[in-house]
Amino acid sequence: MIVAIDGPSGAGKSSVSKLVATELGFSCLDTGAMYRSIAWQAVHDGVALDDADALGEIARTYDIGFTHEPGNPSPIGVSIGGEDVTLAIRTAEIDRAVSPVSAVPAVREALVAQQQRIGRSGNYVVEGRDIGTVVFPDAEVKVFLTASDEARARRRVLQNEQRGVGSTDFDEVLADIIRRDEYDSSRAASPLKPAEDAVHVDSSDMTIDEVVACICDLARKAQEG
């Protein structure tokens, strides 16, 4: 079974997905980390973010790997080409770079193929921006998770403070979230939008436990049906 969780930046997709996967006994696939890894490699190699051919070549060339601990459905580490980039992909620089990189059709094609291969191997909770529309259009459960701009900015600032990586300036983070929403929603390749049959969940006034319970309930009903 695939539980697809889509939504804009800062909606809490990553945290929610990990908890849902734990609750259901599923594995968790962090597609966002895959795109961030390609963005990191591009920045590391000095590749221009508007050089679609070079970005596509990176996505086709470098293998992205995840490190797991026994009993933990969520990856604890991310690598590209064998290099650990777990923290490096969470900086403000990569926050800004990931949208243009992920908008390149060749990048998406390469990573979507990898995601589909992984997803066919078991039960997965998969989060991103086009999971229910492009990557797994036949997913048994599709959720579009969102929240207000301000709520998402507050969460991202807190997350960055806890990690010690990324900006902790509320106005800067808010501006970046709004910019990414506009960019991701208007891009030609797999724009951010809910699947027609997705369940919309606005988490602005919900606790994370309430969001997780809602999605787990949808998954269990799908399993029973």
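Structure's up top.
Residues numbered from 1 in each chain as written. Predicted model: local features only at pLDDT ≥ 70, side-chain atom pairs only at ≥ 80, totals over all residues. Heavy atoms only, no water.

**Here's the deal with the overall build of the chain**
- The helix and strand inventory of the chain stands at 9 helices and 8 strands.
- Here the chain has a C-alpha radius of gyration of 16 Å; the compact-globule value for 225 residues is 17 Å, and the two agree.
- Projected onto its principal axes, the C-alpha positions of the chain cover 50 × 40 × 35 Å.
- Among the 225 residues that make up the chain, the fraction classed as buried is 50%.
- Expressed as a percentage of contacts within the chain between residues at least 6 apart in sequence, the contacts between residues at least 24 apart total 74%.
- Of the accessible surface of the chain, which amounts to about 10,400 Å², a share of 48% is contributed by carbon and sulfur atoms. (Helix = DSSP H or I, 4+ residues; strand = E, 2+ residues; numbered from the N terminus. Rg over C-alpha atoms; globule rule 2.2 N^0.38 Å. Buried < 20%, exposed > 50% of the residue type's maximum accessible area, 1.4 Å probe, protein only. Contact = heavy atoms within 4.5 Å. Areas by Shrake-Rupley, 256 points an atom, 1.4 Å probe, with all protein chains shown as cover.)

**Considerations on helix α8 (residues 170-186)**
- Between its first and last C-alpha atoms α8 spans 24 Å; for 17 residues at 1.5 Å apiece the expected length is 24 Å, and the two agree.
- If you check which residues of α8 are buried, you get Val 173, Leu 174, Asp 176, Ile 177, Arg 180, Asp 181 and Asp 184. On an axial view of α8, the arc spanned by its buried residues comes to 160 degrees, and they lie on one face. Those residues of α8 that are exposed and aimed more than 90 degrees away from the buried face are Asp 171, Glu 182 and Ser 186.
- In the core, the buried residues of α8 are packed alongside α2 (31-45), α4 (92-102) and α7 (149-163). (Expected span 1.5 Å × (residues − 1). Arc of directions from axis to C-beta.)

**What about the packing of helix α3 (residues 52-61) against helix α5 (residues 105-119)?**
- Their axes nearest at 7 Å, the elements α3 and α5 cross at an angle of 10 degrees. By the angle between their axes, α3 is roughly parallel relative to α5. Contacts between α3 and α5 involve Leu 55, Gly 56, Ala 59 and Arg 60 from the former and Ala 106, Val 107 and Ala 110 from the latter.
- Its residues assigned to classes, the contact of α3 with α5 shows 5 nonpolar, 1 polar and 1 charged. (Axes fitted to C-alpha atoms, helices over the stretch in contact; angles between N-to-C directions. Parallel < 35°, antiparallel > 145°, perpendicular 65-115°, else oblique. Nonpolar A, V, L, I, M, F, W, Y, C, P; charged D, E, K, R; others polar.)

**A look at the sheet that holds strand β6 (residues 124-128)**
- Taken in spatial order, the 5 strands line up as β2-β6-β1-β7-β8 in an open sheet, and their pairing is parallel. One side of each edge strand has no neighbouring strand; the edge strands of this open sheet are β2 (27-30) and β8 (199-202). Averaged over all adjacent pairs, the angle separating strand axes in this sheet is 20 degrees, with direction ignored.
- Here β2 pairs with β6 via 4 bridges, running parallel. Looking across to β6, one finds that Ser 27 is bridged to Tyr 124.
- Against the sheet, helix α9 (residues 208-224) makes contact with β1 (2-6), β7 (141-146) and β8, and its axis sits at roughly 165 degrees relative to β7, the strand it touches most. (Pairing = 2+ DSSP bridges.)

**Considerations on α9**
- Given a rise of 1.5 Å per residue, 17 residues ought to cover 24 Å, and the 24 Å separating the end C-alpha atoms of α9 matches this to within 8%.
- Taken together, the buried positions of α9 are occupied by Val 211, Val 212, Ile 215, Cys 216 and Ala 219. When α9 is viewed along its axis, its buried side chains cluster within an angular range of 125 degrees and face the same direction. Relative to its buried face, α9 has exposed residues pointing more than 90 degrees away, namely Asp 209, Lys 221 and Glu 224.
- Where α9 is buried, its residues contact β1, α1 (13-24), β7 and β8.

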